[in-house]
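Structural overview for review
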Amino acid sequence: MRKLLLIASLAVTACATGPSERDWTSNAGAQPFRTAASACSQISYNIEANFVVCMAGRGWTKAR
C-alpha cells in the first residue's frame, strides 16, 4: 500500500512540473515565463520542437 501511494504521488508530481525558467533565456520584451510556458504547453501537443518554436515566438530561447 505504501509503494502504491508513493508511485501515485510521484505521478502527480511529474504532471505538475513543467519546464524550468533556468533552462531558458529571455529576450527584450519577452512574455512572462509561466504564461509563455503554459500557452506553449497547450498548443505544442508535447512535441518539443513545437514547444521551442512557440517559446521563441514569445521571447524565450532554450539555453544549451
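Values in this document were obtained by computation on a predicted structure and should not be read as measured data.

So, on to the overall build of the protein chain. Check the secondary structure of the protein chain and you find 3 helices and 2 strands. Starting at the N terminus, the α and β elements of the protein chain follow one another as α-β-α-α-β. The contacts in the protein chain between residues at least 6 apart in sequence include a share of 57% that link residues at least 24 apart. As displayed, the protein chain offers around 5200 Å² of accessible surface, 59% of which is attributable to carbon and sulfur atoms.

So, on to the side chain of Ser44. Relative to the elements of secondary structure, Ser44 occurs in the loop between helix H2 (33-43) and helix H3 (48-57). In this structure Ser44 comes out as buried when scored by relative accessible area, which is 3%. A polar side-chain atom of Ser44 sits 2.9 Å from the main-chain carbonyl oxygen of Cys40.

Our next topic: the confidence of the model for the protein chain. For the protein chain, per-residue confidence averages 84 on the pLDDT scale, and residues scoring 70 or more make up 73% of the total. Within the protein chain, helix H1 (residues 2-16) has the poorest average pLDDT of any element, 55, and H3 the best, 97.

Before going further, it helps to spend a moment on the nonpolar core. Formed by Trp24, Phe33, Ala36, Ala37, Cys40, Phe51, Cys54, Met55 and Trp60, the largest nonpolar core amounts to 9 residues. Every element with two or more residues in this core is listed here: H2 and H3. Considering every element that reaches this core, the biggest residue donor is H2, with 4 residues. Not counting chain neighbours up to four residues away, the residues in contact with Phe51 comprise Pro19, Trp24, Ala37, Cys40, Ser41 and Ser44.

Further remarks concern the packing of aromatic side chains. Taken as a whole and assessed by the stated rule, the structure comprises 2 aromatic pairs. The interplanar angle of 75° and the centroid separation of 5.7 Å between the aromatic rings of Trp24 and Phe51 together place this pair among those described as edge-to-face. With Trp24 in strand E1 (residues 24-26) and Phe51 in helix H3, this pair connects stretches of sequence that are 27 residues apart. Where Phe33 meets Trp60, the ring centres are 5.0 Å apart and the plane angle is 80°; that geometry is what we call edge-to-face. Note that Phe33 is positioned in helix H2 and Trp60 in strand E2 (residues 60-62), a separation of 27 residues in sequence.

What counts and how
- Residues numbered from 1 in each chain as written.
- Predicted model: local features only at pLDDT ≥ 70, side-chain atom pairs only at ≥ 80, totals over all residues.
- Heavy atoms only, no water.
- Helix = DSSP H or I, 4+ residues; strand = E, 2+ residues; numbered from the N terminus.
- Contact = heavy atoms within 4.5 Å.
- Areas by Shrake-Rupley, 256 points an atom, 1.4 Å probe, with all protein chains shown as cover.
- Buried < 20%, exposed > 50% of the residue type's maximum accessible area, 1.4 Å probe, protein only.
- Polar contact = N/O pair within 3.5 Å; in protein donor to acceptor, adjacent residues only side chain to side chain.
- pLDDT = per-residue confidence, 0-100.
- Core = buried A, V, L, I, M, F, W, Y, C linked by side-chain atoms within 4.5 Å.
- Phe/Tyr/Trp six-rings, centres within 6.5 Å; stacked < 30°, edge-to-face > 60°.

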